[in-house]
Amino acid sequence: MSNSTESSSKSDDAKNYWRSNLTLVAVLLSVWAIAGFGLSIFFIESANQIKIGSVGFGFWMAQQGSIFVFVVLVLVYALAMDRIDRKHKLND
Amino acid sequence: MLDSNSLLASADPALPWTWAFIAVTFGIYLYIGWRSRVKETAGFYVAGQGVPAIANGAATAADWMSAASFIGMAGLISFSGSDGSVYLMGWTGGYVLLALLLAPYLRKFGHYTVPDFIGARYYSETARIVAAICAIFISLTYVAGQMKGVGVVFSRFLEVDLAVGVCIGMAIVGFFAVLGGMKGITWTQVVQFFVLILAFIIPSVAISSQLTGDSIPQRAFAFSDISARLNEVLIGLGHEAYTTPFTKFGSSWNVFLITAALMFGTAGLPHVIVRFYTVKDVRAARYSAVWAIIFIAMLYTTAPALGLFARYNLIDSMHESTIERIEVTVSGEDPKSFPFPAQRAEAFAVIETAQAENTKASKKGLREPNSIVYFLTSKSGQPLDWATRWQNTGLLKFEDLDQDGQINLTLIPQTDRSKKSELAKIDRDIIVLSTPEVATLPPWVIALVAAGGLAAALSTAAGLLLVISSSLAHDLYIRFCEPNATEARKLFIGRVAIIFGIVVAGYFGIYPPGFVGEVVAFAFGLAAASFFPAIFLGIFSKRVNRAGAVTGMIVGLVFTITYIVLCTADKVLPFLFDAPLLAQENWLFGISPQGIGTVGMAINFVLTLAISSVTAPPPAEVIELIESVRIPSGSGKAVSH
């Protein structure tokens with residue numbers, strides 16, 4: 001009896017862990033899409049109205065900014081997953 | 001002093017430096033290969049899974065940044081203007097997908113190859129075979145391009161025959177890949193990363209300070225007036241402004257589809273994925289993705305700056321240059337030299353016949369029999385020796401259309417509505433390799449760029465060869481022909497397979513088949529349309545089953561291959577077709593073949609999900625496998641079945 005509750009709470013924990021993982025990934029990939037597809041492609045012309053230095057913001061995002069955003073996203077993912085792992089005691 | 005200078009003007013001052021740099025770097029690669037020779041398959045295929053995150057990050061970056069990234073990409077961007085972003089975002093944005101959606105889970109799974117995962121997750125030998133064949137095909141097309149890159153560097157910088165260059169490259173890769181497998185490859189890639197990144201950044205910093213007075217290329221790119229200056233020059237010559245979007249690929253939808261195909265393709269490329277199998281655990285896989293994208297971003301944020309600077313510099317040095325003399329070599333005869341303006345009339349008479357023969361030959365797909373080399377002096381009085389050397393490789397060509405003894409880069413509308421300038425041909429591969437010479441940087445920088453180009457090509461070639469070897473030996477041969485092979489026998493077969501891969505790659509490098517030029521469209525489109533959906537859904541859905549995944553992969557692949565072949569028939573199968581079977585005006589919804597992988601991927605996703613939902617769910621042990629890859633703890637040693 002106690003064994004089965006333990007295993008069901010364990011699988012609940014696994015479900016929660018997976019849910020926090022999915023939420024994190026969804027948030028980060030939205031930023032990825034906004035930076036990569038939104039500002040750099042579909043709205044590049046409107047973004048180009050704003051200047052960053054001497055080039056348009058859209059052009060700058062397409063050739064520089066989005067890459068910086070990608071680096072930050074991968075870093076944030078690794079750090080946030082460390083926290084989630086610790087919370088669920090899944091770190092080795 | 002002056003005399004000896006003018007005598008030596010045609011000798012390449014970078015030559016001794018280049019030999020020295022290449023000898024030293026190749027020596028290091030060989031030494032590492034010898035030090036990391038392996039005795040078991042875990043070492044051979046996944047480097048014993050003990051590679052530290054930062055080292056794996058550097059190795060992944062070198063693995064990823066190929067001859068195309070190093071030699072070709074800045075040139076591509078240089079001629080694509082704003083639309084060059086498809087390569088920049090496509091080849092970095094894919095890492096976000098890889099890091100968040102694939103790498104940690106595949107590391108937890110822990111087997112050796114991508115086909116291993118597909119075979120186990122979809123409980124199907126058919127799926128494994130389809131995956132292994134895809135992996136081999138993608139890697140072979142890709143590796144041929146690397147070998148050609150090695151040949152170009154050797155023939156231009158060391159003035160040896162392209163075939164000899166390719167053979168030297170094959171011997172070096174062969175040595176450390178055969179002895180050390182993944183372990184040897186990993187540690188050489190770490191060194192190669194530092195060689196290639198230095199070789200890319202040093203000339204970029206130099207040219208940036210020269211042109212803009214700012215030594216940080218990324219800052220000069222946005223904050224100096226260089227982009228405005230280039231826009232002005234280009235518009236003056238009849239081109240579109242550099243920073244205007246959609247000049248190269250037509251519409252925002254095409255730019256989106258191409259970017260997406262490159263991103264999802266990147267995430268699905270087997271030689272990149274397997275790098276994440278080599279680290280200690282899931283956490284190390286995440287952090288090696290962080291290091292990898294940092295290292296990759298170092299080159300990828302410099303490249304657009306270099307592309308912009310190089311475009312400006314090239315135009316600036318070639319526009320309105322004066323012809324000193326023209327050297328014409330009619331097939332088999334000694335070269336004849338015509339000094340300008342004294343023998344102008346004679347020169348153009350000879351050129352006309354020579355050119356007519358060349359056009360005839362190139363229409364038949366033959367090598368052009370005659371060479372015409374322009375010796376130029378820039379408008380500031382500098383002799384353009386680098387232009388002479390590049391003309392000798394056939395990658396740069398001039399044609400004085402109005403025969404006024406000057407090279408003018410203004411685009412002139414022709415009778416057939418095309419536009420032409422007196423710069424008859426400029427191969428995009430020249431941009432990076434010629435930058436130090438155009439900017440008159442010291443000879444050792446030129447040599448460093450040559451060594452960097454080789455490091456980029458060899459590191460990627462090695463990673464690809466390992467995938468070819470593991471697919472042939474581990475996924476196909478051992479599994480189906482000798483399932484009971486001993487450890488020593490397995491290792492032996494892996495080494496034979498790598499040698500086989502090297503020989504095939506070398507052959508393609510020397511005699512490139514038509515499809516090598518289309519390699520980007522092929523390799524990425526195929527990876528996006530086949531691997532990405534299968535791996536992603538395999539992890540994130542418990543419902544997706546064998547019937548769905550296998551159908552999705554095959555239909556996605558066949559659709560993508562068919563469309564690319566139809567659009568590029570004249571280049572892929574030149575002996576059968578003179579023109580593409582699907583001309584640009586008939587493209588499906590105007591979608592370019594480079595972007596079709598995204599559509600193939602969408603078809604794959606829809607089919608996989610639809611078929612899975614109406615067929616039986618996967619068996620219990622597969623559900624268990626999915627649950628286990630979703631939990632990071634307990635990723636132990638690799639399992640070799």
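Remember, predicted model here, so these are calculated numbers, not experimental data.

### Brief notes about the overall build of chain A
Regarding its fold elements, chain A presents 3 helices and 2 strands. Ordered by position from N to C terminus, the α and β elements of chain A give α-α-β-β-α. Across the 92 residues of chain A, 47% fall into the buried class. In chain A, of all internal contacts separated by at least 6 residues, the share reaching a separation of at least 24 is 55%.

### Quick look at the domain arrangement of chain B
One frequently used descriptor of interface size is the decrease in accessible area upon assembly of the parts. Domain assignment breaks chain B into domain 1 (25-314 + 444-518 + 617-630) and domain 2 (320-408). Computed over C-alpha atoms, the centres of domain 1 of chain B and domain 2 of chain B are 37 Å apart.

### Some points on the interface of chain A and chain B
Listed per partner, the contact involves 42 residues of chain A and 56 residues of chain B. A buried area of about 4100 Å², summed over both sides, lies between chain A and chain B, and 73% of it is on carbon and sulfur atoms. Looking only at chain A, the three residues that lose the most surface to chain B are Trp18, Gln63 and Val74 of chain A, adding up to 15% of its buried area. There are 2 salt bridges connecting chain A and chain B.

### Thoughts on helix H4 (residues 53-64) of chain B
Look at H4 of chain B: 16 Å from first C-alpha to last across 12 residues, which is about the 16 Å you get at 1.5 Å a residue. Listing the buried residues of H4 of chain B in full gives Ala53, Ala55, Asn56, Gly57, Ala58, Ala59, Thr60, Ala61, Ala62, Asp63 and Trp64 of chain B.

### Re a positive patch on the surface
There is a patch of like positive charges on the surface, built from Arg35, Arg37, Lys39 and Lys183 of chain B. Mapped onto the fold, Lys183 of chain B is located in helix H9 (residues 162-212).

### Things to note about empty space enclosed by the protein
One pass over the full model with this rule turns up 6 cavities of 30 Å³ or more. The computed volume of the largest cavity comes to approximately 50 Å³. Surrounding the largest cavity, Tyr17, Asn21, Tyr77 and Met81 of chain A together with Pro104, Tyr105, Val282, Arg286, Val629, Arg630 and Pro632 of chain B form its lining. Secondary-structure elements contributing two or more residues to the lining of the largest cavity are helix H1 (2-42) and helix H3 (57-87) of chain A together with helix H6 (85-109), helix H14 (282-318) and helix H24 (620-630) of chain B. For the lining of the largest cavity, a count of residues per class yields 8 nonpolar, 1 polar and 2 charged.

### A look at the confidence of the model for chain A
The share of residues in chain A with pLDDT of 70 or more is 87%, and the mean pLDDT across the chain is 88. The lowest-confidence element of chain A is H1 of chain A, averaging 85 in pLDDT; the highest-confidence one is H3 of chain A, averaging 96.

### Focus: unusual backbone geometry
Residue and element names in this part refer to chain B. The linkage connecting Phe340 with the following residue, Pro341, adopts the cis geometry, with an omega of -5°. When you line up the elements, Pro341 lands in the loop between strand S2 (336-339) and helix H15 (344-363). Positive phi, normally seen in glycine, also occurs at Tyr123, with a value near 35°. Note that Tyr123 resides in the loop between helix H7 (114-121) and helix H8 (125-157). Under the relative-accessibility criterion, Tyr123 is labelled partly exposed at 23%. A positive phi is found at Gln403, a non-glycine position, where the angle reads about 50°.

### Details of the pattern of salt bridges
All names here are of chain B. Taken as a whole and judged by the stated rule, the model has 13 salt bridges over all chains. Close ionic contact of Glu125 with Arg128 constitutes a salt bridge, the shortest N to O distance being 3.4 Å. Of this pair, Glu125 and Arg128 are both found in helix H8, 3 residues apart, which corresponds to roughly one turn of the helix. Classification of Arg128 as buried rests on a relative accessible area of 3%. When salt bridges with common partners are traced through the structure, they connect Asp116, Glu125, Arg128 and Arg479 into a single cluster.

### Observations concerning helix H18 (residues 443-480) of chain B
All names here are of chain B. For H18, spanning 38 residues, the distance from its first C-alpha to its last is 54 Å, which sits close to the expected 56 Å at 1.5 Å a residue. Of all the bends in H18, the largest measures some 30° and sits at Ser470. Judged by how many residues are buried, H18 sits mostly within the fold: 32 of 38 residues are covered.

### With respect to the pairing of strand S1 (residues 321-329) of chain B
Residues and elements named next belong to chain B. One ladder, built from 2 bridges, connects S1 with strand S5 (residues 406-407); its direction is antiparallel. When the sheet's bridge partners are listed, Thr322 is paired in S5 with Gln406. Direction of pairing for S1 relative to strand S3 (residues 371-377): antiparallel, over a ladder of 7 bridges. Within the sheet, the bridge partner assigned to Thr322 lies in S3 and is Thr377. Relative to S2, S1 runs antiparallel, the two being bridged by 4 bridges. Bridge pairing links Ile326 to Phe338 in S2. Between S1 and the antiparallel strand that follows it, S2, lie 6 residues; Gly332 among them carries a positive phi value of about 80°.

### Looking at the environment of Ala267 of chain B
Residues and elements named next belong to chain B. Among the structural elements, Ala267 can be located in helix H12 (residues 252-268). For Ala267, a relative accessible area of 0% puts it in the buried group. Remark: the alpha-carbon pair of Ala267 and Gly94, spanning 173 residues in sequence, is separated by 5.1 Å. With residues near it in sequence (within four places) discarded, Ala267 still touches Gly94, Leu97, Leu98, Leu102, Ile273 and Phe532.

### Quick look at the confidence of the model for chain B
Residues and elements named next belong to chain B. Overall, the predicted model of chain B reaches an average pLDDT of 86, with 95% of residues at or above 70. Of all secondary-structure elements in chain B, the lowest mean pLDDT belongs to helix H1 (residues 2-7), at 36, while helix H23 (residues 596-614) reaches the highest, 96. Confidence drops under a pLDDT of 50 for residues 1-10, and excluding neighbours within four residues, the segment shows 3 contacts in the predicted structure.

### A word on the packing of aromatic side chains
Enumeration according to the criterion identifies 34 aromatic pairs over all chains in this entry. Pairwise contacts between aromatic rings join Trp18, Trp32, Phe37 and Phe42 of chain A together with Tyr105, Trp253, Phe256, Phe264, Phe532, Phe536, Phe540 and Phe605 of chain B into one cluster. The ring centre of Trp34 of chain B lies 4.1 Å from the NZ or CZ of Arg37 of chain B, which sits over that ring. For Arg325 of chain B, the ring lying beneath its charged end belongs to Phe375 of chain B, and the centroid distance is 3.8 Å.

### Concerning the state of the cysteines
All names here are of chain B. One pass over the structure, following the stated rule, counts 0 disulfides over all chains. The thiol of Cys481 is unpaired, and the distance to the nearest cysteine sulfur, on Cys134, comes to 20 Å. Classification of Cys481 by relative accessible area gives exposed; the value is 52%. With no disulfide of its own, Cys567 lies closest to Cys134 among cysteine sulfurs, the gap being 20 Å.

### Digging into the packing of H6 of chain B against H14 of chain B
If you want to describe how two helices pack, look at the angle between their axes and the distance between the axes. Residues and elements named next belong to chain B. Following both chains from N to C, one finds H6 and H14 inclined at 175°, their axes separated by 9 Å at the closest point. By the angle between their directions, the pair H6 and H14 is classed as roughly antiparallel. For the pair H6 and H14, contact is made by Tyr87, Leu88, Trp91, Thr92, Tyr95, Val96, Ala99, Ala103, Pro104, Arg107 and Lys108 and by Val282, Ala285, Arg286, Ala289, Ala292, Ile293, Ile296, Tyr300 and Pro304, respectively.

### Remarks on the packing of helix H2 (residues 15-35) of chain B against H9 of chain B
Residues and elements named next belong to chain B. Put simply, H2 and H9 touch, their axes get as near as 7 Å, and they point 105° apart. In terms of axis orientation, H2 runs roughly perpendicular to H9. Each of Thr25, Phe26, Ile28, Tyr29, Leu30, Ile32, Gly33 and Trp34 in H2 lies in contact with H9, whose residues at this interface are Ile168, Ile172, Phe175, Phe176, Leu179, Gly184, Trp187, Thr188, Val191, Gln192 and Val195. Classifying every residue of the contact of H2 with H9 by side-chain character gives 14 nonpolar, 5 polar and no charged.

Reading guide: rules and limits
Residues numbered from 1 in each chain as written. Chains lettered and ligands numbered in written order. Predicted model: local features only at pLDDT ≥ 70, side-chain atom pairs only at ≥ 80, totals over all residues. Heavy atoms only, no water. Helix = DSSP H or I, 4+ residues; strand = E, 2+ residues; numbered from the N terminus. Buried < 20%, exposed > 50% of the residue type's maximum accessible area, 1.4 Å probe, protein only. Contact = heavy atoms within 4.5 Å. Domains from an automatic or database assignment. Buried area = accessible area lost by both parts, 1.4 Å probe. Salt bridge = Lys/Arg side-chain N within 4 Å of Asp/Glu carboxyl O. Expected span 1.5 Å × (residues − 1). Patch = residues over 30% accessible without salt bridge, like charges linked within 9 Å, V, L, I, M, F, W, Y side chains within 5 Å. Areas by Shrake-Rupley, 256 points an atom, 1.4 Å probe, with all protein chains shown as cover. Lys, Arg positive; Asp, Glu negative; His and termini not counted. Charge placed at Lys NZ, Arg CZ, Asp CG, Glu CD. 1 Å grid on protein atoms, 1.4 Å probe; cavity = no way out; pocket = protein on both sides within 12 Å on 5 of 7 lines; lining within 4 Å. Points joined across faces, edges and corners; volume = space filled by probe spheres on them. Nonpolar A, V, L, I, M, F, W, Y, C, P; charged D, E, K, R; others polar. pLDDT = per-residue confidence, 0-100. Bend = angle between axes of the 7 residues up to and from the residue. Pairing = 2+ DSSP bridges. Phe/Tyr/Trp six-rings, centres within 6.5 Å; stacked < 30°, edge-to-face > 60°. Lys NZ or Arg CZ within 6 Å of the ring centre and 35° of its normal. Disulfide = S-S within 2.5 Å. Axes fitted to C-alpha atoms, helices over the stretch in contact; angles between N-to-C directions. Parallel < 35°, antiparallel > 145°, perpendicular 65-115°, else oblique.

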